[in-house]
Amino acid sequence: MSPALAGVLQLTALTAALALAYRPLGDYMAAVYHSPKHLRIEKVIYRCIGANADAEMRWPAYLRGVLAFSAAGVLLLYLLQRLQGGLPLSLGFASISPDQAFNTAASFVTNTNWQSYSGEQAMGHVVQTAGLAVQNFVSAATGMAVAVALVRGFARSRTGDLGNFWADLVRGTVRVLVPIAVLGALVLVACGAVQNFSGIHEVGQFMGGAQQTNGGAVASQEVIKELGTNGGGYFNANSAHPFENPSAFSNLFEIFLILVIPFALTRTFGKLVGNVKQGYAILATMGVIWLGFTALMMWTESAHGGPALQAAGAAMEGKETRFGVGASSIFSVATTLTSTGAVDAFHSSFTAFGGGIQLLGMMLGELAPGGVGSGLYGMLVMATIAVFLAGLMVGRTPEYLGKKIGTREIKLAACYLLITPTLVLGFAAASMVLPDALGSMLNTKALGAGSHGFSEVLYAYTSGANNNGSAFAGLNANTPWYNTTIGLAMLLGRFLPMVFVLALAGSLAEQQPVPQTAGTLRTEKPLFAGLLVGTILIITGLTYFPALALGPLAEGLS
Amino acid sequence: MTAPVKPEGPGTMASSSTATPPRAPHQDVPGGHQPGDGRVGGGLFDPQQLLTSLPDAIRKLDPRVMVKSPVMFVVEVGSVLTTIFACTSPTDWFGWAIAAWLWLTVLFANLAEAVAEGRGKAQADTLRKAKTDTVARRIDGAAEEQVPGTALRIGDLVVCEAGDIIPGDGDVVEGVASVDESAITGESAPVIRESGGDRSAVTGGTKVLSDRIVIKITTKPGETFIDRMINLVEGAARQKTPNEIALNILLASLTIVFLLAVVTLQPFAIYAGAEQPMIVLLALLVCLIPTTIGALLSAIGIAGMDRLVQRNVLAMSGRAVEAAGDVSTLLLDKTGTITLGNRQAAEFVPVDGTTEAEIADAAQLSSLADETPEGRSIVVLAKEKYGLRERHQGELTGAEWTPFTAQTRMSGVDVDGRTVRKGASGAVIAWVQERGGDVARDADALSNAISEAGGTPLLVAVEDDKGPRVLGVIHLKDVVKEGMRERFVELRRMGIKTVMITGDNPLTAKAIADEAGVDDFLAEATPEDKMALIKREQAGGKLVAMTGDGTNDAPALAQADVGVAMNTGTSAAKEAGNMVDLDSNPTKLIEIVEIGKQLLITRGALTTFSIANDVAKYFAIIPAMFAVAYPGLDTLNVMRLSSPDSAILSAIIFNALVIVALVPLALKGVQYRPVSADRMLRRNLAVYGLGGLIAPFIGIKLIDLLISLIPGIG
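Residues numbered from 1 in each chain as written. Chains lettered and ligands numbered in written order. Predicted model: local features only at pLDDT ≥ 70, side-chain atom pairs only at ≥ 80, totals over all residues. Heavy atoms only, no water.

The name given to chain A in an unreviewed UniProt entry is Potassium-transporting ATPase potassium-binding subunit, with Streptomyces sioyaensis as the source organism. Annotation of chain A in UniProt includes, under Subcellular location (unreviewed entry), the sentence "Cell membrane". (UniProt positions renumbered as here; feature names shortened; annotations may be inferred.)

Please set out the interface of chain A and chain B residue by residue, giving values where relevant.
Contacts between the two partners involve 62 residues from chain A, matched on the other side by 64 residues from chain B. When the two sides are added together, the surface that chain A and chain B hide from each other amounts to roughly 5,200 Å², 75% of it contributed by carbon and sulfur. Summed over the three residues of chain A that lose the most area to chain B, namely A:M393, A:L542 and A:L550, the buried surface amounts to 15% of that side. If you look at where chain A meets chain B, you find two salt bridges. For A:K404, the salt bridge identified is with B:D326, shortest N-O distance 3.5 Å. Along the contact surface separating chain A from chain B lie 12 residue pairs in polar contact (both at pLDDT 80 or more). Listing elements by their share of the side of chain A that touches chain B, those giving two or more residues are helix 14 (374-392), helix 15 (407-433), helix 17 (450-465) and helix 19 (526-557) of chain A. Top element by residues in the side of chain A that touches chain B is helix 19 of chain A. It accounts for 14 residues. Counted by class, the side of chain A that touches chain B contains 37 nonpolar, 18 polar and seven charged residues. (Contact = heavy atoms within 4.5 Å. Buried area = accessible area lost by both parts, 1.4 Å probe. Salt bridge = Lys/Arg side-chain N within 4 Å of Asp/Glu carboxyl O. Polar contact = N/O pair within 3.5 Å; in protein donor to acceptor, adjacent residues only side chain to side chain. Helix = DSSP H or I, 4+ residues; strand = E, 2+ residues; numbered from the N terminus. Nonpolar A, V, L, I, M, F, W, Y, C, P; charged D, E, K, R; others polar.)

Could you give me a rundown of the pairing of strand 20 (residues 544-548) of chain B, with the residues and numbers involved?
Residue and element names in this part refer to chain B. When you tally the buried positions in strand 20, you get five out of five residues, the bulk of the element. Neither face of strand 20 is open: one carries V544, M546 and G548, the other A545 and T547, and all of them are buried. Sheet analysis places strand 11 (residues 329-333) next to strand 20, joined by three bridges and oriented parallel. By the bridge assignment, L330 is partnered in strand 20 with A545. Across four bridges, the pairing between strand 20 and strand 21 (residues 562-566) is parallel. Note that in strand 21 the partner of G548 across the bridge is A565. Traced from strand 20 through helix 20 (residues 554-559) to strand 21, the parallel crossover comes out right-handed. (Buried < 20%, exposed > 50% of the residue type's maximum accessible area, 1.4 Å probe, protein only. Pairing = 2+ DSSP bridges. Right-handed = clockwise from strand over helix to strand, strands pointing away.)

Please give an account of the side chain of B:N110 that cites residues and values.
Residues and elements named next belong to chain B. Turning to its location among the elements, N110 is positioned in helix 5 (residues 93-130). Polar contacts involving the side chain of N110 include one to the main-chain carbonyl oxygen of A57, which spans 3.1 Å. Discounting residues that sit within four places of it in the chain, N110 has contacts with A57, K60, L61 and M66.

And the structure:
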């Protein structure tokens, strides 16, 4: 079987699996967030944290919940790392330095999972399992909660109430993430991923010398790493490591886990706003971008230009032979179009255009299908902008799902739109002039790899600000400058948008809905989905074109 | 295209047969435009206006004025900076060329606004002429004193006689007069103003032609209708509308995004070893920010108001114009809007044993003395359908005429031994029975059938040598204006529900509603019913538009999202509504909705066009900037522009010229046809989205070709 055919078949199988899971999972999540009942375990949790899960919250209260919970998470994770030296089961690893501990804490709480450390050389069992893995669940549940709050903003009228953050957080974790993670972990263990608390083993190598490997609760962390679009690997090699991702099947299964919730949330959205077709339009928009990017990636990686690539039959550098070009392309697009950032291949070694596709995928704002929750709310904000432009062209004050997009709404959507470009371009520009930052670059102009070096810096901030977490290696990011600025980019890139999303939700929820007439823009039609795709591509393209031209385009066209 | 409907002249508002004061025949030509230029076309754009508006455009370069449009303010700052940089290397033609075109870009934007405002100014000047300083004859108790019009206060009583200019807005409290209101409405036929009722409002600046009236002043000097009108057409009172503000926010944030993209580009470029001159970066910035829509945005708003003014509608706020585009329920008064102002004879139905010719003859004879519109229509029908020549009262010698009165409810004639009567069925039956005659058995059934069909039956009876008897029934019906049905179909397609408001009973109302094709009707409507209907619609999230003229309409006019008061109406109605129709033509509501929609479409279309344009500009400028450092990037030069300098300059020139090219579109508005939202979006996306993507590739290439011909540059 040719690699291209293998890729297409895997993509087909993946799409079929996602399609099968779409309705049941989407409907289930809609029921979870809509149900008035609490499970017994949830009641116990509410009692422990002292939350009244039945109290409706207006958007400022909801936001306070998000921020307080996340701040506590950052603090706890920071302390765990700083105190690691004194903790049991730390495998003898020392405490983490302050800037790296801050970076890692910010990274996991923001669902980014940018790692400026190597898991197997820095983090013991306690930090990995009680710190990082816990955040993998709750940071994902936080994203879903915010998305559900925005959906409620569209669905509800003449009220400021957006639901209860604590209930949404706990339900997302207990009823959605944990059950799927348990099943998924069993599948991964069956595939051969490790799950133990063993220490470090020295293994002799065929070529002489010894290699250290350590065990750990890998499968359980791996499953939520993908399912919660987190991406922080137990090991430095991430999903390219055989203990995390042993086979071609486990690879495909992990991609499925990455995509299943973000896609299914569009169904949840449709259900909650009372019109599943609206969800299909958003799904179509996401699907078109996702399939388009995947096809493009497979093509750039297979259309081999240089002599080395031709000898290998494809751009195989940095890719696992057990996955090949097709599966690696599908994985890398899935991980950069969501806020996952897990990798099963070395992103920096993709062709220049391939790297450009990964960059652009994140620059879109990770909304096709995007991170769990964050993909949906990102897409709905873009839909708001698209409705505003297109709505005017049908001769009415723009409205989406019966809610008018007026001054306040467009102000909030525009602020949302400004955040990540400011963080990405601002920090990248600063890094291009500060000698400290320039010193981190391993690929430089002097080595004839100026544009690739620039792409690496651009990638680092794009990944951080968009909460992706994957990296173009070749950049030593474990320096005070990068640890701090990427940490800031992650925090601001996660929570500022949430502020605007929740404010938008509040503003929408207060409105009285406008009934649909023949004069209303039909947002459930293919025309609108096409328009939304165009708006996303053009706005992102215009924002980042100069930067992309000097990075991947300059490299690829040389 | 609906055919213009021309009502029958004076008295069209009269729905009863009692005499009503004649009022100005309104120009009921929808839009007053030529066939083929779209339904709501605008005034034509005259290139001459560009020249005459130039001084205003230059005056608007004042940064304090410019800052109101964030996008163009950035361009102006860019122009200043570019000029400074050009001065630092005065021998470089490129810097000067960019600076010059950036200034032109700002100037073109100001020009667009100045041209839009210029049209209103001309109108304001005419109005000012009407607002001459008048002397008012104020009544103080029994005495009368002469005071300047500006000294009048609310509640003052003034007297006006033939030849006087009315000194201020007010209501007639005593007397009747004919008034020339041409200064405001442009309509030369005089109108009647009388105390009490719905025709009591007079406007300052209009002229009394006959009789004497006493007016109670209702507005302060300086705030009169004519003052507000001057402010409106001049744009002095213009405030940004909610949608305009929202769009400005979006444009400002896009400007920030592009500012960011350009500012951060320099460090990237320095790292790549291709540091860019400031002038080039400024040129890139101006090309990227949405200058096209930024330049034309206020012109579009002013032109939208102006299109209303051209149709003799004054919108008290731009917000109302925008709301008009969103209207989903139209309340239309039956009389004068949906139907012609009066019932007309449609048919003569004979009873058993009578011929149609007999009844036609009798009906005509008996109606010759009936000067009401209904009476006239009977004569007309007899002539048109039965070929009966109209006889004049004078030619029948010895005839004794009985004119129609509200008391007798009959009219007729006694001539040649025949006595003919026609009138309301009760009155005619009584007349026949009084004379010992028989009422045909089927007369009742025929009358009822007509009533059930929504018509009004009039009986015709005669007393001659065969004795008194009923000849038959005249079927009077409301005549739906020509083309209304098609209009309602169009409105439905646009998603607008029409509700007919009428004082008729439900049966009649339903028949007319069915015939006209409105979606719903409100029969036996009282002002309270109207109000309740509006509130009900609004509670469902709908925006409601209505017209009204009476004082009892005022609360509903104020409650409606778009309330159009008739200029003939009371001052309370005019105060309550947010638009005034100087022609007092209720059908115009439909056009107002279309103008509102057109305004929003024009904004959206030009925004889309502006943003889509940027793609081509990137392809022109980015290779020009970096092809030296990274030769591979020349692949992106898909237009094969002749040189980097020419590429950048061509993009800037295109950017400036496209503003001028679109000024006519901004002023006239995007072509609007009443179709569904889906079709409209498809069309506009194809024209302005796709067109906006492709047009600059062609335009920039052409400009580059021209530039490359200039010796020493290309």
